[in-house]
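Chains, contacts and geometry: an overview
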2 protein chains.
Amino acid sequence: MNIDTLHEQRLSLLRTSGNKITDARKTILNVLEGLKGHPTSAQIVEAVRQHDQRIGRASVFRTLDLFCQLGILRPIYHEGGGARYVLMPDGHHHHVVCLNCHCTIEFEDCALDGLAHELETRLKVQLLGHLLEFYGYCEQCSLLPNK
Amino acid sequence: MNIDTLHEQRLSLLRTSGNKITDARKTILNVLEGLKGHPTSAQIVEAVRQHDQRIGRASVFRTLDLFCQLGILRPIYHEGGGARYVLMPDGHHHHVVCLNCHCTIEFEDCALDGLAHELETRLKVQLLGHLLEFYGYCEQCSLLPNK
DNA sequence: CTCTGTGCAAAGGATTTGCACTACG
DNA sequence: CGTAGTGCAAATCCTTTGCACAGAG
């Protein structure tokens, strides 16, 4: 799937869900698409500010909440002050978190579609995506004593 | 696996990792084991307070961080002020979150052990557990318009 | 034209920190 | 006994809220 297509899809999801497409929201979406990894809200606010001085802090938070509600974004929490956010490129995201140094390693995996379908039937829910997080110790940290 | 055994395992993990077993930590562990679902830090602080008036707020936060580092507990973030915590009974936890009403549905699943082993080999990491979160709309919310 | 979204500034909380004291091992 | 852990209270910082104005549809 093409990046621009994804971008367009997200914008049209905004529209079809009854929300408006504003400059602030477009800018924030662009910023999110440009940031790598799992940025904190503070990093996002900062990046948005650099992009467009006029966008207020509050709007960033409101927009992040909106994106989360639409399933475009997921909040995660990795110790240390504040939520972090992950864009869900194709509705899913997978990573390994180190409990010691808190680094994250992303990986691809698509073994969960079957389970997703089963759950939709069994629990009568409608799923948009998933977030899979393994935790443990990364290569370096697993070599330390006490681990 | 027996509940008491799990409790003992957690305590001995504290000891073997070079931490001390104190009254405060024992109380907080008991409280966590007694709470259902995905309590917020505020709920945990409150529950601890009811259990033992003398335990300070800061100690609760420090202990939660410690438990997270040991892999006993995982922080998650579900919109709406503050982290939530999930005990990892056997090192894993799975749930579905509704993006609209924010309810959660827990389910059992053990299809990830194979993937965990593969990742351990491929990424050279040492895994303790995992958290799998599906998101979408629950039965009631998926029937609403705009969904 | 109407109603949703925005920016600002201030309020409100939750979490963290520093320090003297306690108690685990 | 020594060091890790604790409780308290204050400081800090993130997030939310209220309101008048702007702009999308």
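This write-up is about the structure you can find in this document.

So, about the packing of helix H3 (residues 41-51) of chain A against helix H4 (residues 57-70) of chain A. All names here are of chain A. At a minimum axis distance of 10 Å, the contact between H3 and H4 shows a crossing angle of 120°. With respect to each other, H3 and H4 are oriented oblique. For the pair H3 and H4, the sense of crossing is right-handed. Judged by residue contacts, Ser41, Ile44, Val45, Val48 and Arg49 of H3 engage Arg57, Val60, Phe61 and Leu64 from H4. The class makeup of the residues in the contact of H3 with H4 is six nonpolar, one polar and two charged.

The next thing to look at is helix H2 (residues 23-34) of chain B. A rise of 1.5 Å per residue sets the reference length of H2 of chain B, with its twelve residues, at 16 Å; its end C-alpha atoms lie 16 Å apart and thus fit the reference within 8%. Those residues of H2 of chain B lying buried are Thr27, Ile28, Leu29, Val31 and Leu32 of chain B.

Under the defined criterion, the tally for this structure stands at ten salt bridges over all chains. In this structure, Asp23 of chain A and Lys26 of chain A form a salt bridge, with 3.9 Å as the shortest nitrogen-oxygen distance. You can see Asp23 of chain A and its partner Lys26 of chain A sitting in helix H2 (residues 23-34), three residues apart, about one turn around the helix. Across the salt bridge formed by Arg74 of chain A and Glu133 of chain B, the nearest N and O atoms sit 3.1 Å from each other.

Copy one and copy two of the chain differ by a rotation about a common axis and a shift along it. Between the two copies, chain A and chain B, the superposition gives an RMSD of 0.1 Å; the rotation angle is 180° and the shift along the axis is 0.0 Å. Look at the turn and shift together and you get a two-fold axis relating the two. Taking C-alpha positions as reference, the residue of chain A nearest the rotation axis is Leu132 of chain A, located at 2.3 Å. Most of the interface of chain A is mirrored in chain B, where 98% of its interface residues are also at the interface.

The strand order across the open sheet built from six strands is E4(A)-E3(A)-E5(A)-E5(B)-E3(B)-E4(B), with neighbouring strands paired in mixed fashion. The sheet is open, and its two edges are formed by strand E4 (104-106) of chain A together with strand E4 (104-106) of chain B, each paired on a single side. Strand-to-strand twist in this sheet, taken as the mean axis angle between neighbours without regard to direction, amounts to 25°. The pairing of strand E3 (residues 92-98) of chain B with E4 of chain B spans three bridges and is antiparallel. Residue pairing for E4 of chain B: His95 of chain B is matched across the bridge by Glu106 of chain B.

Our next topic: the protein's contact with DNA strand C. Taken together, 19 residues lie around DNA strand C, and Thr22, Ser59 and Arg62 of chain A together with Ile21 and Ser41 of chain B are the ones closest in. Near the protein, within 4 Å, the atoms of DNA strand C are sugar or phosphate in 73% of cases. Interatomic distance of 2.8 Å between a side-chain N/O atom of Thr22 of chain A and a phosphate oxygen of DNA strand C. Arg25 of chain A places a side-chain nitrogen or oxygen 3.2 Å from a phosphate oxygen of DNA strand C.

Here we take up the protein's contact with DNA strand D. With respect to spatial proximity, 20 residues lie near DNA strand D, and among them Ser41 and Phe61 of chain A together with Thr22, Ser59 and Arg62 of chain B are the closest. Per the 4 Å cut-off to the protein, sugar and phosphate atoms form 67% of the nearby atoms of DNA strand D. Within the backbone of Ile21 of chain A, an N or O atom sits 3.3 Å from a phosphate oxygen of DNA strand D. Within the backbone of Arg54 of chain B, an N or O atom sits 3.1 Å from a phosphate oxygen of DNA strand D. Listed by contribution, the elements that provide at least two residues to the surface near DNA strand D are H4 of chain A together with H2 and helix H4 (57-70) of chain B. Ranked by the residues each element gives to the surface near DNA strand D, the list is headed by H4 of chain A, at four residues. Residue composition of the surface near DNA strand D, by class: seven nonpolar, six polar and seven charged.

What counts as what
Residues numbered from 1 in each chain as written. Chains lettered and ligands numbered in written order. Predicted model: local features only at pLDDT ≥ 70, side-chain atom pairs only at ≥ 80, totals over all residues. Heavy atoms only, no water. Axes fitted to C-alpha atoms, helices over the stretch in contact; angles between N-to-C directions. Helix = DSSP H or I, 4+ residues; strand = E, 2+ residues; numbered from the N terminus. Parallel < 35°, antiparallel > 145°, perpendicular 65-115°, else oblique. Left-handed = near helix turned anticlockwise from the far one by under 90°. Contact = heavy atoms within 4.5 Å. Nonpolar A, V, L, I, M, F, W, Y, C, P; charged D, E, K, R; others polar. Expected span 1.5 Å × (residues − 1). Buried < 20%, exposed > 50% of the residue type's maximum accessible area, 1.4 Å probe, protein only. Salt bridge = Lys/Arg side-chain N within 4 Å of Asp/Glu carboxyl O. Least-squares fit on C-alpha atoms with pLDDT ≥ 70 in both. Pairing = 2+ DSSP bridges. Near = heavy atom within 4 Å. Polar contact = N/O pair within 3.5 Å; in protein donor to acceptor, adjacent residues only side chain to side chain.

So far we have only geometry, and geometry alone does not tell us how the molecule works.
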